[in-house]
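Below are the chains, spelled out letter by letter.
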Amino acid sequence: MRPGDPGPSCDCDAMRPGEQGPSCDCGPAVAGRAVPRAPRESRSPHDENGTVHSCGQSCRWGGTGGRWGSPRASEVERGGGTPLARVSENRPRPAAAPRTLHPGAWWLWAISLGVAATRTTNPLLLALLLAASGYVVATHRSSAPWARSYTAFVRLALAVVLIRVLFAVALGSPIPGTHTLLTLPEVPLPHWAQGIRLGGRVTAEAVLFAAYDGLKLATLLVCVGAANALASPSRLLKSLPGALYETGVAVVVALTFAPHLIADVRRLRAARRLRGRPDRGLRGLLQVGLPVLEGALERSVALAAAMEARGYGRTAEVPAPVRRTTTALTLGGLLGVCAGTYGLLTAEGGTYGLPVLLAGVLAALAGLRLGGRRSPRTRYRPDPWGAHAWLVTGSGAAVAALLTLASVRDPEALHPGVVPLVAPALPLWPAVAVLLALLPAFVVPREPS
Amino acid sequence: MIRFEDVSVTYEGAAGPTVTGVDFEVPEGELVLLAGPSGVGKSTVLGAVSGLVPHFTGGTLRGRVTVAGRDTRTHQPRELADVVGTVGQDPLAHFVTDTVEDELAYGMESLGLAPAVMRRRVEETLDLLGLAALRGRPIATLSGGQRQRVAIGSVLTPHPQVLVLDEPTSALDPAAAEEVLAVLQRLVHDLGTTILMAEHRLERVIQYADRMVLLPSPGATPLTGTPSEIMAVSPVYPPVIALGRLADWTPLPLTIRDARRQAAPLRARLADSPSRRDSPTPASGPIPAPQQHRFRSRFRRTTPTPAPDHQHLARIHALSLRRDTTQALRHIDLTISKGETIALMGRNGAGKSTLLNTLVGLLAPTTGTVTVGGLTPHRTPPPTLIRQVGLVPQDPRDLLYADTVAAECAAADKDAGATEGTCRALVSELLPDITDDTHPRDLSEGQRLALALAVVLTARPPLLLLDEPTRGLDYAAKARLVSVLRSLAAEGHAIVLATHDVELAAELAHRVVLLAEGEVIADGPMAEIVVSSPSFAPQVTKILAPQHWLTVSEVREALR
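In this text, all values refer to a predicted model and were calculated from it rather than measured experimentally.

**Student:** Requested: an account of the overall build of chain A, with residues and values cited.
**Tutor:** The helix and strand inventory of chain A stands at 17 helices and 2 strands. By residue count, 42% of the 449 residues in chain A fall in the buried class. Element-wise, carbon and sulfur atoms account for 68% of the exposed surface of chain A, whose accessible area totals about 23,800 Å².

Quick look at the structure:
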């Protein structure tokens, strides 16, 4: 359809051949267009306070059988059962993507794997954990830019292992070893630095021990990376309680600030070439600093203006008693948490510590829930916590629990000794337990690319 | 629906009011176009509708602005969010979430709509704007036109009665702009939405406007009227109006169609004109042989590069470039000769900027060769390269680091090894009334572009590249740019412009290169290529077809 066509203003066939979507006024709904503004006259006047629950603009686009629906109040009552909604129910749209798994499930799964990784230094088990989480990431990560962070985490993990081994080589290690790999020249240190060694004998045992230890940390990091790749932190935000939502948005906006800043620095450093200056080196970085910060500030102000204009920070009127109760509950709850923690940590507070802590937590949660009333926000398609989410979380938790159990029952198998030097063996039951982490790869439906 | 009552706005620290005596009313269901040269306060007027001026920007607003009966003095922007939807100049600055679907829902979530209602409206809006296939896409991966549509969609879902748009089509290629305008047209006609829109590219939007508000100069009282009334007196006007004024057509035509109905006598006069062009020729300068892009063949690939020819400033041979996983450029062959002006056109994301960046060595070719003045750009040290080729990037601010014009010029002289004062002389030539201590960020878009151009020209590069130079420029600034670039071309500079602005290309270019999906799909004289293309033909060509005229100035010359 070309703009300015004087003919029928909506030409469904020209827009999308073969599909008559509900957005087009084709067919029976033309009546809705013919009297588009009729219901406006009867519309209830806007609340002068500008509160949200004045009659929505849907009124004006309403009309009998109109595409743009009837007034909101009735929509809410009928659960969206307007003629339009029924149309879409009868004819499922092909483009409708299944919503993805609850992001919290992925994070719990990944954190559980991380916990499992801290229970063992067996390189075979750790490698199995890495492979399992890597496989799930490979099958289930989306094509979104934030999913690429996995590679960054893998690189970081490699660096951790390397640094750990280098430290063991350079600074020596308390592991008594007999297999000398090489001998570095030892730097004599004054007597007050006793216990620190620079250089000297490097034994295979010490290197191996450091590598096992580094691998444990690396696995933990890769697990966090997997969580990032499978569910972006900003999706987690949707599950935050209403009272914390606005703070959460601010945090997420601040988080996305960093990638933008890096992109700006890159662009401006490249632009230095156009001025005939070298685009590498520290000076280049420093010179673009101010323009980058200026640009970032301008962008933040523009975003803040856009958010404000889109209703960010609207508050609903809350009766004064509710407000006071909220404050009392939140403050009291936090005090309770402090007192309870103190009680738990001191020797004589053992009796009152736990109950006070629990009461504090409960009061703070109630305060948060009540505080949510001030925010009129609703959630669009909140991620449901369904069977899949339980399965994913369960598989992670099972791995963590079984490895913890194994580390108690059979510590030798999970912490292979380096003195004497032996090849680590793969303990059967813990290995099978680790394989449980693969469950999400098979049960969770894949995101359409 | 929107009512301005004797409004004036004074920003803090400003010498005088930015706008005064703004007094007009926008009735429900109308599309009103706000026009005027840059810097007259169009954005201020738009901001006053959503309440961002003065609640967010600061400053003092006198008078009264009411939107749907709500006074912006007593209502914060967030309390107007359910009646006014605002889309700013840069859609990227507008997005709060990561994906298309969440972005469409964000505004409704803030307003607290019921989940079932939100779900339905998101589906409706996806269909209305043709975004259904993009619903799950991360916003960062969308093209310019798609982003603009998502930005419009994201403010449509709360069903605002008023839409406020600041230059919705400036950054878009002609096809994407039509896409966005079709949507706006539909909102006005089918849904009775009231739209207030500012746009520099009047040729794209004027035929959709019911009424116009003209801000003739800074601080002047705005005029309101029908588009043809306003166009008769406006200092800014599209080529169709210019032609109408030249030929004394009454009433002034606003659309190609109206103009064609009145154009028969003019066509007859032009047919007898001595400079009439049956076979199109470029305005001046050397004429490269029309060269249609030939089909890639194995034979072609093995052809050895011909010996360097001194007429050619730059030569691109079999250039391909991959970025991440996308093939940005495919097998491009191009030569650029002295004194030639080339317009590089194609839709957003076709590879125009990538091609320019390879010419200045910001990107290294994956395969193929690029030589500029006998050098390989990405292996040449920057100080040597800037004497051969200069690029003014899409955002000229990227080139400017210093905090005064004088410091910027001194740095440019030093970078280029030019004698002191070279850059300042160029700046004075391009911008006569700029003082030394002005901060580059305080300049208008056009002034900033001129400063960046002066900085680049300090090194006297024979090849000058400009990426999207007319974004945000009004007609006067564009005309100045055209005269500057023409004189540079006359001095023997070769100029390559990547642009969506067909009117600018028609004014300047001898040759046009069309890119699509990283391939050259057409390469030849401007007149020959654009005449046959419905989206790339300038207005004058469309009005005077089948004769081949490109610009109003050509017609004016011929009528003398």
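**Student:** Can you explain helix 1 (residues 42-50) of chain B? Please cite residues and give values.
**Tutor:** Residue and element names in this part refer to chain B. The buried count for helix 1 comes to 8 of 9 residues, which makes it a mostly enclosed element. For helix 1, the full list of buried residues reads Lys 42, Thr 44, Val 45, Leu 46, Gly 47, Ala 48, Val 49 and Ser 50. Of the residues one or two after helix 1, Gly 51 is the one with positive phi, at around 85 degrees.

**Student:** Explain the confidence of the model for chain A to me, and be specific about the residues and the numbers.
**Tutor:** Any segment with low pLDDT has predicted coordinates that should not be analysed in fine detail. Residue-level pLDDT values for chain A average 75, and 75% of them are 70 or greater. With pLDDT under 50 throughout, residues 1-98 of chain A is counted as low confidence; its partners more than four residues away or in other chains account for 168 contacts.

**Student:** Could you give an account of the confidence of the model for chain B, naming the residues involved and the relevant values?
**Tutor:** Residue and element names in this part refer to chain B. In this model, chain B carries an average pLDDT of 86, and 93% of its residues clear a pLDDT of 70 or more. Across residues 278-309, where pLDDT falls below 50, the model places 36 contacts with residues more than four positions away in sequence or in other chains. Of the two predicted TM-score estimates for the complex, the pTM is 0.74 and the ipTM is 0.81.

**Student:** Requested: an account of a nonpolar patch on the surface, with residues and values cited.
**Tutor:** Among the surface-exposed residues, Ile 163, Phe 167, Leu 171, Val 187, Leu 189, Ile 196 and Leu 198 of chain A lie close enough to one another that they form a single nonpolar patch of about 590 Å² accessible area. Turning to its location among the elements, Leu 171 of chain A is positioned in helix 7 (residues 149-171).

**Student:** Which residues make up the pattern of salt bridges, and what values go with them?
**Tutor:** Two side chains bearing opposite charge may form a pair once their charged atoms approach each other closely. If you walk through the whole model with that rule in mind, you get 33 salt bridges over all chains. In this structure, Glu 103 of chain B and Arg 310 of chain A form a salt bridge, with 2.6 Å as the shortest nitrogen-oxygen distance. Placement of Glu 103 of chain B in helix 3 (residues 100-111) and of Arg 310 of chain A in the loop between helix 11 (282-309) and helix 12 (320-345) is noted, with the two residues assigned to different chains. With respect to class, Glu 103 of chain B is no different from Arg 310 of chain A; both count as buried. Each of Arg 381 of chain A together with Glu 101, Arg 119, Glu 123 and Arg 135 of chain B takes part in a single network of salt bridges with overlapping partners.

**Student:** Describe the sheet that holds strand 14 (residues 367-372) of chain B, naming the residues involved and giving the relevant values.
**Tutor:** Residue and element names in this part refer to chain B. The antiparallel open sheet is built from 3 strands, whose spatial order is 12-11-14. Only two strands of the sheet have a single neighbouring strand rather than two, namely strand 12 (326-337) and strand 14. Between one strand axis and the next, the sheet turns by 20 degrees as a mean value, whatever way the strands run. Lying over the sheet, helix 13 (residues 352-359) contacts strand 11 (312-323), strand 12 and strand 14, oriented at roughly 120 degrees with respect to strand 11.

**Student:** An account of the packing of helix 11 (residues 264-272) of chain B against helix 22 (residues 552-559) of chain B is needed here, citing residue identities and associated values.
**Tutor:** Residue and element names in this part refer to chain B. Contact geometry for helix 11 and helix 22: axes closest at 9 Å, N-to-C directions at 65 degrees. Helix 11 and helix 22 meet at a crossing whose hand is left-handed. Facing Leu 266, Arg 269 and Leu 270 of helix 11, the residues of helix 22 in contact are Val 555, Ala 558 and Leu 559.

**Student:** Kindly report on empty space enclosed by the protein, identifying the contributing residues and their values.
**Tutor:** According to the stated counting rule, one finds 13 cavities of 30 Å³ or more in the structure shown. Taken together, Leu 430, Leu 431, Gly 446, Leu 449, Ala 450, Leu 453, Leu 473, Ala 477, Arg 480, Leu 481 and Val 484 of chain B form the lining of the largest cavity. Of all the secondary-structure elements, those providing two or more residues to the lining of the largest cavity are helix 17 (445-457) and helix 18 (475-490) of chain B. Its residues placed into classes, the lining of the largest cavity shows 9 nonpolar, 1 polar and 1 charged. In this structure, the second largest cavity occupies an estimated 100 Å³ of space. Lining the second largest cavity we find Leu 290, Pro 291 and Glu 294 of chain A together with Arg 397, Leu 400, Tyr 401, Ala 402, Asp 403, His 439, Pro 440 and Arg 441 of chain B.

Thresholds, definitions, all that
- Residues numbered from 1 in each chain as written.
- Chains lettered and ligands numbered in written order.
- Predicted model: local features only at pLDDT ≥ 70, side-chain atom pairs only at ≥ 80, totals over all residues.
- Heavy atoms only, no water.
- Helix = DSSP H or I, 4+ residues; strand = E, 2+ residues; numbered from the N terminus.
- Buried < 20%, exposed > 50% of the residue type's maximum accessible area, 1.4 Å probe, protein only.
- Areas by Shrake-Rupley, 256 points an atom, 1.4 Å probe, with all protein chains shown as cover.
- pLDDT = per-residue confidence, 0-100.
- Contact = heavy atoms within 4.5 Å.
- Patch = residues over 30% accessible without salt bridge, like charges linked within 9 Å, V, L, I, M, F, W, Y side chains within 5 Å.
- Salt bridge = Lys/Arg side-chain N within 4 Å of Asp/Glu carboxyl O.
- Pairing = 2+ DSSP bridges.
- Axes fitted to C-alpha atoms, helices over the stretch in contact; angles between N-to-C directions.
- Left-handed = near helix turned anticlockwise from the far one by under 90°.
- 1 Å grid on protein atoms, 1.4 Å probe; cavity = no way out; pocket = protein on both sides within 12 Å on 5 of 7 lines; lining within 4 Å.
- Points joined across faces, edges and corners; volume = space filled by probe spheres on them.
- Nonpolar A, V, L, I, M, F, W, Y, C, P; charged D, E, K, R; others polar.

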